[in-house]
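# Commentary on secondary and tertiary structure
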Amino acid sequence: QCLTLNLIWLKASVSCAPPNVRIIHSGHACNIEEERYTERVYTIREGETLELTCLVSGHPRPQIRWTKTAGSATDRIQDSSVFNETLRITRIQRHQGGRYYCKAENGLGTPAIKSIRVDVYYLDDPIVTVHQSIGEAKEQFYYERTVFLRCAANSNPPVRYSWRRGREFLSQGSDKGVEIYEPFFTQGETKILKLKNLRPQDYANYTCTASVRNVCGIPDKSVLFRLTNKTASPTIKLLVEDPIVANPGQTVILVCIISGGEPTPTLTWVRNTEELPKKSILKSDTLTIPAISTEDAGVYSCVASNNVGNPAKKSTNIVVRALKKGRFWITPDPYHNDDNIQIGREVKISCQVEATPPEELMFSWLKNGRPLRSSERMVITQTDPDVAPGITNLDIIDLKFTDFGTYTCVASLKNGGIPEISIDVNISSTTVPPNLTVPREKSPLVTQEGDTVELQCLVSGKPKPIILWSHADKEAPMPDGNMQTESYDGVLRIVNVSREMAGTYRCQTSQYNGFNVKPREAIVELIVLYPPAVEPVYTEIRQGLGRPFSLSCRVLRAHPSKVLDYEWKLGTRLLTVGQLDTRDETEYHIRALNREGYGAYTCDIKNEAGAGRCTFLVTGKAYAPEFYYDTYSALWQNKPRVYGFKLQWTQMNPNAVDRVMAYRLGIKQTGHQRWWEQEIPIEDNIQKGELLTYNLTELIKPEAYQVRLTPITRFGEGDSTERIIHFTPVNPPWSKFHCDFEEDTICMFTQDKTEEFDWTRHSAATRDTKYTPNTGPSSDRTGSKQGFYMYIETSRPRLEGDKARLLTPSFNVAPKNPYGNVATNPTYCFSFYYHMYGKHIGTLNVYLRQKSQTGQDTSVWTLSGNQGDRWRQARVNINPTSSFQMVLEGIRGSGIEGDIAVDDVTIEEGECQDPPPSSSESLASPAAVHIWELCLTLLLVLAGLRR
């Protein structure tokens, strides 16, 4: 299939325009309201599809972004902004209501912003809850039992409630034993039915109906509650101990039974505020947790609810037994402030373990593998078992040589089942407090960014304690995210060092696994070398031949930064070298650009850690054209199966490079592979903001086309830009529409192909009257023989009753405010001139066709028979409620002398001024003409008698 391009070259001037936006809606809105003149409220039912379109104008084409706000916080739609014209949310949910903003910006002026508030309507199933109160007064004969039935439902808009007892509607005052009220603090959200001092008739079925008055088509919802003398709140029994203490790997079974309640309660299980373990097994009233672990520990609750009174809840705490984190420390004689162990002085060994449950924790001590009991010189103590973590102390009074040896602290749980934790502590003449040193070559430690580095502190002493690393020069987390990092060998290993990690680090001893003395500290300095960071890293420079320009590369930061070397190249060719002493940038100048000067320029700025590179791509490519999207009446239809499109654009920065000599235009049907291309020469220089136009014709309806435009200079092809052209029924912007059929496009009128023949565009100068001389107009409505009009040719092969239908373009109903909603149906005046001359004239009908009334055309005007050889005007008021077209229908009469013509069709807002009758008995009907002829004859006769 071939494509014909008829290209018409036009040039005009257009100034760049800041953006302008307007929000229109489609989809399933059930109401659009205006509040306080500025608030637009779009109401939609939950689960429907929200579709908002941001109509934008401005040049260059503005970028569009949709965002949403809820309260004071800004939400990104679906975790990201939507960067296209249409925002579509399928199955919208209530939390997606809020204010939606459309923002358009093209770098000119301030961004254009419009907003609309989306209100999501919904109604949940109502829930009835029952509470009862029993009042007694001592020493008085007073007893009252009152029941409250509360009905509540989540909704938007606020819900209205109604109550029925059986089939009887209840209202305030209809029954002295019943009160209906809304509590002040929940007004509009609930309605309470109070049954005072229950009577036998109060035991019945109660129905609460929640309604939002069918707004958005949301139906009412009801709930039934049966009140009996057995109605009661739930009671349950939890058939387990509290707490439950289990070993890891055991299976724990929890059983909860319902012991009372009417209606029958439902059971649920919860754990603290968390979800149940995924491996849990729920079956009826039993919860089973297989192979329990410490992560599964917590408070488990069984909850029963039947909406009567308060839910019943029973809980148990599951404790999973465990021992972890065994540590020790040695404290020299605390009374003498010694750091060393000395003969004749006291020394204390402490042992710490975290136990679950803490009350089961037991400690025992061994010396050289033999049990050790508490004595006057060997005093064993233990902290309160309820205080975690548990600690035991061994105080050795008056240390002797015979006390040297290995002491073992053993931690266990009373009931066993958990492996013991043993901690060995050696007390001897070699047991000395720690000392910290830093190897000379390890501080300052110099490394390069991206390397792996090890900071080291040497620990002397016995035993060697845990070393804690932290920042010494700032309050900042360590590479692992903690404020302190533990090390058992004194080494801090950092992987992939960054420049932010440079600084001073502190290593210090902890009391754990060592001496409980004043911490020892040492400092390590880390220096991170990194190559220069430069700007610009990459930039494209577009220049024309013969022009001078300069390139500049600047250093942002580097370490070391004192002496930096630079090197300029074009491709692999060295241009110049030098050093940066006090300066932070270097420049390279081109006096006059030649063809060999195009290419990639690089500037490498170096230090001992590496090099930073600025890259400049110098090119003569022209910038991309910018399509103009605000063309008035860009699309037209002049033939049944094809359409035309006015393609317009401006050239971005036309003076940046050499003159654009031509454009390569490519076009293809969307979804096809083959492109048709044509080169369009440009004779003159293009100015900034100059609007260029090409008319594309013979585009096949209703296909969409992809258009590509590429500028060409002496350098070669520039950047391309593309757009899609869609065929859409044209809805021209208008307050008055007028068509005199002088253009081939016939004002976007179309023929109805379902009828027997078409209307024809002609002028009296070209029309052949050889076969039908006594019918049809001899000129257009203005009297010009060169002017055009539309007519039906009734010569053979046409038959009596054949129809031809001519359709106007589609018109949108004019909005009464800038937001597009219509308060009342507007009135339009449809007028046209008709010519109905010939003895075989049939009928001319006019119909109103509306989008909202598919397949139902409304007759608004009709006329039949010979009206004489002259043009007459018809006018008729129409009141469309949605997008509409006018249909002109010509019906052939009994012979060939029956041509009907129309001209100067007009549609404008407002009522017609003195409109003629629109029925078949109009003043221009044959009967009316006959009456006027009789009157004229009578006048002539009377005049003759007077003479």
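Computed from a prediction, not measured in an experiment: that's the story for all the values here. (Residues numbered from 1 in each chain as written. Predicted model: local features only at pLDDT ≥ 70, side-chain atom pairs only at ≥ 80, totals over all residues. Heavy atoms only, no water.)

### Digging into the nonpolar core
Residues Phe749, Trp759, Phe830, Phe832, Leu844, Trp861 and Met886 are the most contacted members of the largest nonpolar core, which totals 36 residues. Ignoring any residue separated from it by four or fewer positions in sequence, one finds Phe832 in contact with Leu844, Val846, Trp861, Arg872, Gln873, Ala874, Val902, Asp903, Asp904 and Val905. (Core = buried A, V, L, I, M, F, W, Y, C linked by side-chain atoms within 4.5 Å. Buried < 20%, exposed > 50% of the residue type's maximum accessible area, 1.4 Å probe, protein only. Contact = heavy atoms within 4.5 Å.)

### Structural notes on unusual backbone geometry
Cis rather than trans, the peptide bond between Asp242 and Pro243 has omega equal to 0°. Omega for the peptide link from Lys462 to Pro463 comes to -5°, which places this bond in the cis form. Structurally, Pro463 can be placed in the loop between strand E39 (458–462) and strand E40 (467–471). Positioned with a positive phi, Ser284 is a non-glycine residue whose angle comes to about 55°. Judged by relative accessible area, which is 69%, Ser284 ranks as exposed. Look at Phe741: it is not a glycine, yet its phi comes out positive at around 60°. Residue position: Phe741 is located in the loop between strand E61 (736–739) and strand E62 (750–751). (Helix = DSSP H or I, 4+ residues; strand = E, 2+ residues; numbered from the N terminus.)

### Regarding the pairing of strand E65 (residues 803–807)
Burial within E65 is extensive, with four of its five residues counted as buried. As paired elements, E62 and E65 share two bridges and run antiparallel to each other. Paired with Gln751 across the bridge in E65 is Leu806. Relative to strand E70 (residues 884–891), E65 runs antiparallel, the two sharing five bridges. In the sheet register, Leu806 faces E70, and the bridge partner there is Leu888. (Pairing = 2+ DSSP bridges.)

### What to know about the pattern of salt bridges
One pass over the full model with this rule turns up 38 salt bridges. In this structure, Arg165 and Glu168 form a salt bridge, with 3.5 Å as the shortest nitrogen-oxygen distance. With a relative accessible area of 10%, Arg165 lands in the buried category. A salt bridge links Arg708 to Glu677, with the nearest nitrogen and oxygen atoms 2.9 Å apart. Pair noted here: Arg708 is in strand E59 (residues 705–712) and Glu677 is in strand E57 (residues 676–681), with a separation of 31 residues, a long-range link. The partly exposed category is assigned to Arg708, whose relative accessible area is 21%. In the salt-bridge network here, residues are joined through shared partners; they are Arg165, Glu168, Asp175, Arg199 and Asp202. (Salt bridge = Lys/Arg side-chain N within 4 Å of Asp/Glu carboxyl O.)

### With respect to the state of the cysteines
This structure, assessed with the given rule, holds eight disulfides. Residue pairing for Cys54: its cysteine sulfur links by disulfide to Cys102, the two sulfurs lying 1.7 Å apart. Because the sign of the S-S torsion sets the handedness, a value of about -85° for the bond joining Cys54 and Cys102 places this disulfide among the left-handed ones. Here Cys102 lies in strand E9 (residues 98–105) and Cys54 lies in strand E5 (residues 50–59), a separation of 48 residues in the sequence. Each member of the pair, Cys54 as well as Cys102, carries the same accessibility label: buried. The partner cysteine of Cys151 in its disulfide is Cys208, sulfur to sulfur 1.9 Å. (Disulfide = S-S within 2.5 Å.)

### A closer look at the environment of Ile896
Structurally, Ile896 is set in the loop between E70 and strand E71 (900–909). Sequence-wise, Ile896 and Leu799 are 97 residues apart; in three dimensions their C-alpha atoms are separated by 9.0 Å.

### Observations regarding the pairing of strand E58 (residues 690–700)
Most of E58 sits out of view: nine of its 11 residues are buried. Here strand E55 (residues 642–651) runs beside E58; their pairing, made up of seven bridges, is antiparallel. Paired with Gln648 across the strands is Thr693, a residue of E58.

### Let's talk about the packing of aromatic side chains
Throughout the structure, instances matching the rule amount to 20 aromatic pairs. A centroid spacing of 6.2 Å and a plane angle of 70° characterise the contact between Tyr789 and Tyr791, whose relative ring orientation is edge-to-face. The exposure class of Tyr791 is buried, given its relative accessible area of 4%. Among the aromatic side chains, those forming a connected cluster through ring pairs are Phe737, Phe741, Phe749, Phe811, Tyr828 and Phe884. A cation over a ring is seen here: Arg723 above Phe627, with NZ or CZ 5.9 Å from the ring centre. It is Arg781 that lies over the ring of Tyr833; its NZ or CZ is 4.3 Å from the centre. (Phe/Tyr/Trp six-rings, centres within 6.5 Å; stacked < 30°, edge-to-face > 60°. Lys NZ or Arg CZ within 6 Å of the ring centre and 35° of its normal.)

### Quick word on the sheet that holds strand E48 (residues 564–570)
An order of E46-E52-E51-E48-E49 is seen for the five strands of this open sheet, with the pairing classed as mixed. Two strands close off the open sheet at either side, each with one partner strand: strand E46 (538–542) and strand E49 (573–580). Averaged over all pairs of adjacent strands, the angle between their axes in this sheet comes to 20°, without regard to strand direction. (Axes fitted to C-alpha atoms, helices over the stretch in contact; angles between N-to-C directions.)

### What about the sheet that holds E57?
Read across the sheet, four strands follow the order E57-E56-E59-E60 without closing on themselves; strand pairing throughout is antiparallel. Single-partner strands in this sheet number two, and they are E57 and strand E60 (721–725). Each strand axis lies, on average, 20° off the axis of its neighbour in the sheet, ignoring direction. Two elements, E59 and E60, share five bridges in a ladder whose sense is antiparallel. Bridging across to E60, Leu709 finds its partner in Thr721.

### A word on the confidence of the model for the protein chain
Averaged over all residues, the pLDDT of the protein chain is 85; the fraction at 70 or higher stands at 87%. Highest mean pLDDT in the protein chain belongs to E59 (97); lowest belongs to strand E7 (residues 73–75) (42). Note on residues 136–143: pLDDT is under 50 here. Beyond four places in sequence and across chains, it has seven contacts. Throughout residues 917–933 the model reports pLDDT below 50, and contacts reaching past four residues in sequence, or to other chains, amount to 23 contacts. (pLDDT = per-residue confidence, 0-100.)

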